[in-house]
Amino acid sequence: MTGQTYPSRIGVSDIPCGRDEASSAGIAWRPTPFYLERSRLCRFMESFGAESFEALLNMSAAAPERFWQEAVRDLDIQFYTPYTQVMDTSQGWEWTTWFKGAQYNYVHDALDKRATGEERDRPAIIFEGEEGSVRTLTYGELHEEVCRFANGLRSLGVEKGDRVGLFMPFTPEVAIAMLACGKIGAIFIPVFSGYAAPSVASRLNDCGAKVLVTSDGFTRRGKPVAMKEVADQAAAEAPTVENVIVHKRLGREVPWNDERDIWWDDLVSTQSVECETVRTDAEDLYMIIYTSGTTGKPKGAQHVHCGFPIKGSQDMAHGFDLQPGDILFWYTDIGWMMGPWAISGALMLGATLFMYDGTPDYPGPDRIWAMVERHGITHLGISPTAIRALMSHGDEWVQKHDLESLLFLGSTGEPWNPDPWWWYFRQVGGGRCPIINYSGGTEISGGILCCNPLLPIKPASFNAPVPGMAADVVDDQGNPVRGAVGELAIRGPWPGMTRGFWGDPERYKETYFSRIPGIWVHGDWAQIDDDGYWYILGRSDDTIKVAGKRLGPAEVESAAVSHPAVREAAAIGVPDELKGESVVVFAVLRPPHESSDALRGEIAGAIVAQLGKSLAPKKVLFVSDLPKTRNAKIMRRVIRAKYLGEPLGDITSLENPAAVEEIGRAI
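Procedures and definitions
- Residues numbered from 1 in each chain as written.
- Predicted model: local features only at pLDDT ≥ 70, side-chain atom pairs only at ≥ 80, totals over all residues.
- Heavy atoms only, no water.
- Phe/Tyr/Trp six-rings, centres within 6.5 Å; stacked < 30°, edge-to-face > 60°.
- Buried < 20%, exposed > 50% of the residue type's maximum accessible area, 1.4 Å probe, protein only.
- Lys NZ or Arg CZ within 6 Å of the ring centre and 35° of its normal.
- Axes fitted to C-alpha atoms, helices over the stretch in contact; angles between N-to-C directions.
- Helix = DSSP H or I, 4+ residues; strand = E, 2+ residues; numbered from the N terminus.
- Left-handed = near helix turned anticlockwise from the far one by under 90°.
- Contact = heavy atoms within 4.5 Å.
- Nonpolar A, V, L, I, M, F, W, Y, C, P; charged D, E, K, R; others polar.
- Pairing = 2+ DSSP bridges.

Novice: How should I be thinking about the packing of aromatic side chains in this particular structure?
Specialist: Here the distance between the centres and the angle between the planes together describe a pair of aromatic rings. Evaluation of the coordinates by the stated rule reveals 43 aromatic pairs. Ring centres of Trp 29 and Tyr 35 lie 5.3 Å apart, and the angle between their planes is 85 degrees; on these two criteria the pair is classed as edge-to-face. Comparing Trp 29 with Tyr 35, the two get one shared label, buried. Among the aromatic residues, those joined into a ring-pair cluster are Phe 44, Phe 48, Phe 67, Trp 68, Phe 79, Tyr 83, Trp 98, Phe 99 and Tyr 104. Sitting over the ring of Phe 48, Arg 66 keeps its end group 4.0 Å from the ring centre.

Below, the structure written as structure tokens:
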């Protein structure tokens, strides 16, 4: 499947699954005996017979059938009916199917097998609301709630294969609804809680959803945000929706349709706490999750029971070393893939999932750190953008809290700048916790690249691909590239790969396989340095090319935020008659700095000092906010389109549409 090989960097015989890198420059964190001794990945390597981590990568790429057979055994995946074939590539590797002949439902591994016995009383979910309420559900209690809701869905006529939209804040009820859909073989559609009605309706219509589950509302910075009214408008535009189930999150009065609407509590109050899990086939769909592209309508990525949940839990086990007794808190929303990922992965590994439905700095800048201390969080995941915002409040907000429970720091969603990375590492993690940088996508079911605690870590880097991913960096012809920028690519299949886009299989092939035959081209610029560390430099459709030099926007942005006045920045390329493209930078300033021509010159000078005169920005413009998705990705293509007066394309995933107008005013 792949010609890619990885040079050996660690040896089991020298340090138990570690390596001595005293001669390597730029290392921020090295594995300690504590991390090596608890490592699931180390134990998996030994059982697999891999003498080094890179040997494991090479073996997983060369023999994916053997690797995934051993991986599902390591994860204690329990099939109802055994598989007869690990993978089938007879339709081409882009349409690979997995665990042929097996009957498997991920809800069994996430919930059923722990609902009785010693694990029944282990906390499955801890929830804290923005207003301060706290709830805990054990595995036994969660199982009962899931069964009640599953029976309730059946009472409304929901059957195997029906689609159910989940338009809800990140509360235990969204996890219950997600698991209940899987339990009866229905397919859930996670929808971002901040969407307007047209965006919700477009997703419900595309997949023909039968039921919509929503809440009366939630709070943002102490103010109620209506959801039921948005759900009503969406349902009115989605004729396939027969029922709207409403959870009382706030207890506010909402408009009501007696023929269609039903309260969550009324639906489940008379239902049994027992519900047999449907024995779905390995390739049965369990989720359709929509992801926005540069052009066209959102794409409905299809995922199956033996796909996304297995890949996600494998990433957590082998990258984040999540184990029973650990508590995972990933700041996310159900509409971003990290929401379903966190729910299924944490529960399948027997850990505890911490859920929060508020903002990270309300009522004070220390809200996240206070929750880590209060609940003993061991694994914290938060985006670089959120870290940049939190660090602007000052170190004292972190230092007032005891964060000794933390073992792992996680991040995903966008490339790091060095200063925020070091702040996260030193101030939050105390210099002892590894930052597990993680990058992949909705269609991947998790990561292509992911740091792991067996290898040393350089700032803002990925120390390896995820085991089981035949990752590479390639040129336009598909040849490996080292020491220079290339396209992040994948050379072979894995269970979590999407089974195409709902109703549009050709768009899936065009998106990932049309550039280089036989290779999945992911759309990220990446680079591997001389020591074998990987870096994501931004989306390849965000690339800037100045006088023939290809430049990732993250390079420009890191240079801009090195100036003490700049909190965050976005760089775009705009047409230039002489250079092909020139750089334009949009900068958000730290208080109390104010815009001035002198400050523009200083920021431009900081960029020139790091990148050279030929890459000096054409303009530096000041804004109070940058257009971002809920998962904190800066929408550079939207900024560029606004700057050039071109159509904005799909902006349904924007959390802050007003920022687009801010860009317009700055121009």
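Novice: Could you clarify how one ought to interpret the packing of helix H2 (residues 40-48) against helix H3 (residues 53-62) in this entry?
Specialist: Where H2 contacts H3, the axes come no closer than 11 Å and their chain directions differ by 65 degrees. Read as a crossing pair, H2 and H3 show a hand that is left-handed. Across from Leu 41, Phe 44, Met 45 and Phe 48 in H2, the residues of H3 making contact are Phe 53, Leu 56 and Met 59. Taken together, the residues of the contact of H2 with H3 sort by class into 7 nonpolar, no polar and no charged.

Novice: It is not clear to me how the sheet that holds strand S19 (residues 446-450) should be interpreted in this structure. Could you clarify?
Specialist: Picture the strands of a sheet paired through backbone hydrogen bonds; they go either parallel or antiparallel. The strand order across the open sheet formed by 8 strands is S4-S3-S15-S14-S16-S17-S18-S19, and the pairing between neighbours is mixed. Bordering the open sheet on either side are strand S4 (134-138) and S19, each of which pairs with just one other strand. Ignoring strand direction, the axes of neighbouring strands in this sheet form an average angle of 25 degrees. Of the strand pairs in this sheet, strand S3 (residues 123-128) and strand S15 (residues 352-356) are connected by 4 bridges, and their pairing is parallel. Along S15, the bridge assignment pairs Phe 127 with Met 355. Relative to the sheet, helix H6 (residues 139-155) contacts S3 and S4, its axis offset from that of S4 by approximately 90 degrees. Contacts from helix H13 (residues 367-375) reach S3, S4, strand S14 (327-330), S15 and strand S16 (379-381), with the element oriented near 145 degrees to S3.

Novice: Got a minute to help me understand unusual backbone geometry in this structure?
Specialist: Only a minority of non-glycine residues have a phi that is not negative, and only a minority of peptide bonds are not trans. With omega at 5 degrees, the peptide bond leading from Tyr 362 into Pro 363 counts as cis. Counting through the fold element by element, Pro 363 comes out in the loop between S15 and H13. In the segment running from Pro 591 into Pro 592, the intervening peptide bond is cis, with an omega of 5 degrees. Within the secondary structure, Pro 592 sits in the loop between strand S27 (580-589) and helix H19 (597-611).

Novice: Teacher, can you tell me more about the sheet that holds strand S23 (residues 534-539) here?
Specialist: Read across the open sheet, the 4 strands follow the order S20-S21-S22-S23; overall the sheet is antiparallel. Since the sheet does not close on itself, it has two edges, and those belong to strand S20 (471-474) and S23, each with one partner. Within this sheet the neighbouring strands show an average axis-to-axis angle of 45 degrees, counted without direction. Bridging between strand S21 (residues 486-490) and strand S22 (residues 520-528) involves 4 bridges; their strand directions are antiparallel. By the bridge assignment for S22, Ala 489 is matched with Val 521.

Novice: Help me out: how do you make sense of the environment of Glu 173 in this one?
Specialist: Among the structural elements, Glu 173 can be located in helix H7 (residues 172-183). Setting aside anything within four residues of it in sequence, one finds Glu 173 in contact with Arg 135, Met 168, His 247 and Trp 264.

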